[in-house]
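Reading the structure
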Amino acid sequence: MQQTLPHLHVPSTEGIKYIGSKLKLIPHILELIKKVNAKTILDGFAGTTRVSQALAKLGYTVIANDIAPWSKVFGTCYLRNTKPREAYQPLINHLNAVSPVDGWFTEHYGGHANGGNAIQADGLKKPWQLHNTRKLDAIRQEIEILNLNPIDKAVALTSLILALDRVDSSLGHFSAYLKEWAARSYKDLVLEVPQVFTSEGAHQVYQSDIFDLVPRVSVDLAYFDPPYGSNNEKMPPSRVRYAAYYHLWKSVILFDKPTLFGKAKRREDTSDPLAASVFEEFRLNDDGHFIAVEAIAKLIRETQARWILLSYSSGGRATAQQLDAVMQNNGKLLAVLEIDYKKNVMAGMKWTDEWVNDAETPNREFLFLLEKFF
């Protein structure tokens, strides 16, 4: 059954290219949240914080959390800002005016244009051209020298990442780079003031493991968008984790010049043994249950919220029957939406049967709205 969205104001949000982006899902997320009387919301896997930004602009009080340090910076920039946007223009002008230098980022991630070929003399492809990594090195050092307060620093770092995202030569992640320079990589790195806003809510921003956080916060509704472990038995997701896709943003934020490895020069602390998420796990536990599914069940049980909204992909490790069992054991399922962008359909559906039987469209997105048992 094809449905159309009711008239719903969807605030503008800002972010980077991101595999896990929920930009297209935001209207559907807002529609489901509007069905319940929630005032405070936990965005448990906030990522680029687009969902948190939209919620804050609509008047909800938001707790944004993500284990990634760059997500905390984005959350601080957008949710904790108290100044008008123009107040940051002098800072951004100052950073744009610094003279380029050769530094750590240029050494490892900057490349010559080579007539369009991004493969360098060392045989490696690079994510940025030298003229932009030299600006990156100078600007990142200047941000440290300025000794800014946490919110101002978050705005400056967010501006820098947004600018870098506009001139990179990647497919939107940093586990591999393009063989030929992307057209945008020839442009100059220019910082702009992020689209900051002020809101009434007493928002909070955390960088915590979700299982450490949920016992400590109580909200009306929790929105969860965990990383998905693949259900492809031939290609389990054991090689590259979400943290590894965005290792460069972590290095920009921390400015810690870490030990690197591999052709993409990833941070050593984003190697699979160190960066694995239980939600990405593809194995069974000793009881014969998928570890990823058990993690979702545990998360729902331990979350202190009346309502839980869960995003999940039909390409994830959990099957429809397993998620259905998790939901039935923990509350009342109020609504399920399937979003199929290729068909441009939002369907009200008998989701268990259709997910299982429709193998031809394996990568659809689902939203589950649950009212918890207490």
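Here goes a summary of the coordinates provided. (Residues numbered from 1 in each chain as written. Predicted model: local features only at pLDDT ≥ 70, side-chain atom pairs only at ≥ 80, totals over all residues. Heavy atoms only, no water.)

Structural notes on the overall build of the protein
In terms of regular secondary structure, the protein is built from 14 helices and 13 strands. A buried classification covers 55% of the 374 residues belonging to the protein. Contacts in the protein between residues far apart in sequence, at least 24 positions, make up 76% of those at least 6 positions apart. If you sum the accessible surface of the protein, you get close to 17000 Å²; carbon and sulfur atoms cover 50% of it. (Helix = DSSP H or I, 4+ residues; strand = E, 2+ residues; numbered from the N terminus. Buried < 20%, exposed > 50% of the residue type's maximum accessible area, 1.4 Å probe, protein only. Contact = heavy atoms within 4.5 Å. Areas by Shrake-Rupley, 256 points an atom, 1.4 Å probe, with all protein chains shown as cover.)

Quick look at the environment of Lys-250
Checked against the element boundaries, Lys-250 lands in helix α10 (residues 247–254). Each residue touching Lys-250, except ones within four places of it in the same chain, is listed here: Pro-69, Trp-70, Arg-267 and Asp-269.

Notes on the nonpolar core
In globular proteins that are soluble, nonpolar side chains generally tend to be buried together. Within the largest apolar cluster, 75 residues are counted, with the highest numbers of intra-cluster contacts made by Trp-128, Leu-160, Leu-189, Leu-221, Trp-249, Leu-309 and Leu-367. Excluding residues within four positions of it along the chain, Trp-249 makes contact with Ile-16, Trp-70, Trp-128, Ile-161, Leu-164, Asp-165 and Phe-174. With 30 residues, the next largest nonpolar core counts Val-217, Leu-299, Leu-323 and Val-336 among its residues. (Core = buried A, V, L, I, M, F, W, Y, C linked by side-chain atoms within 4.5 Å.)

A closer look at the pairing of strand β2 (residues 40–43)
As defined by bridge partners, β2 adjoins strand β3 (residues 61–65) across 4 bridges and the pair is classed as parallel. Considered in β3, the bridge of Leu-42 is made with Ile-63. After leaving β2, the chain enters helix α2 (residues 50–57) and then returns to the sheet as β3, a path that is right-handed. Relative to strand β7 (residues 218–224), β2 runs parallel, the two being bridged by 3 bridges. If you follow Asp-43 over to β7, its bridge partner there is Tyr-223. (Pairing = 2+ DSSP bridges. Right-handed = clockwise from strand over helix to strand, strands pointing away.)

Focus on helix α7 (residues 150–166)
With 17 residues, α7 should reach 24 Å at 1.5 Å per residue; the first-to-last C-alpha distance of 24 Å fits that figure. Of all 17 residues that make up α7, 14 are buried, and the element is covered over most of its length. Where α7 begins, the capping side chain belongs to Asn-149, and its oxygen is found 3.0 Å from the backbone nitrogen of Ile-151. (Expected span 1.5 Å × (residues − 1). Polar contact = N/O pair within 3.5 Å; in protein donor to acceptor, adjacent residues only side chain to side chain.)

Focus on the environment of Val-36
Relative to the assigned elements, Val-36 resides in the loop between α1 (26–34) and β2. Residue class for Val-36 comes out buried when judged on its relative accessible area of 12%. When residues no more than four places from it in sequence are discounted, the contact partners of Val-36 are Leu-221, Trp-307, Leu-334 and Leu-369.

Thoughts on the pairing of strand β11 (residues 331–340)
Side-chain direction in a regular strand flips from residue to residue, so the side chains alternate between the two faces of the sheet. The buried fraction of β11 is high, at 7 of 10 residues. Taken together, the 8 bridges between β11 and strand β13 (residues 365–372) define a ladder with antiparallel strand orientation. Paired with Leu-333 across the two strands is Leu-370, which belongs to β13.

Here's the deal with the pattern of salt bridges
Counted by the stated rule, this structure contains 12 salt bridges. Residue Asp-168 is joined to Lys-17 by a salt bridge in which the shortest nitrogen-to-oxygen separation is 3.0 Å. Of this pair, Asp-168 sits in the loop between α7 and β6 (204–206) while Lys-17 is found in the loop between β1 (2–3) and α1, placing the two residues 151 residues apart along the sequence. In this structure Asp-168 comes out as buried when scored by relative accessible area, which is 1%. Overall, the relative accessible area of 27% leaves Lys-17 in the partly exposed class. Close ionic contact of Asp-122 with Lys-126 constitutes a salt bridge, the shortest N to O distance being 3.3 Å. The class of Asp-122 is partly exposed, set by a relative accessible area of 46%. You can call Lys-126 buried: its relative accessible area is 4%. (Salt bridge = Lys/Arg side-chain N within 4 Å of Asp/Glu carboxyl O.)

Some thoughts on the packing of aromatic side chains
For the structure on display, the rule yields 15 aromatic pairs. Between Phe-74 and Tyr-78, the aromatic rings sit 6.3 Å apart at their centres with planes inclined by 70°, giving edge-to-face as the arrangement. In this pair, Phe-74 and Tyr-78 are both assigned in helix α3 (residues 69–79), 4 residues apart and thus about one turn of the helix distant. Exposure remark for Tyr-78: the relative accessible area of 1% places this residue in the buried category. Residues Phe-366 and Phe-368 carry aromatic rings whose centres are separated by 6.2 Å and whose planes lie at 15° to one another, so their mutual orientation is stacked. (Phe/Tyr/Trp six-rings, centres within 6.5 Å; stacked < 30°, edge-to-face > 60°.)

With respect to unusual backbone geometry
Phi is positive for Asn-114, close to 50°, though the residue is something other than glycine. Mapped onto the elements, Asn-114 comes out in the loop between β4 (110–111) and β5 (128–129). Judged by its relative accessible area of 42%, Asn-114 falls in the partly exposed class.

The analysis is restricted to geometry; functional conclusions fall outside its scope.
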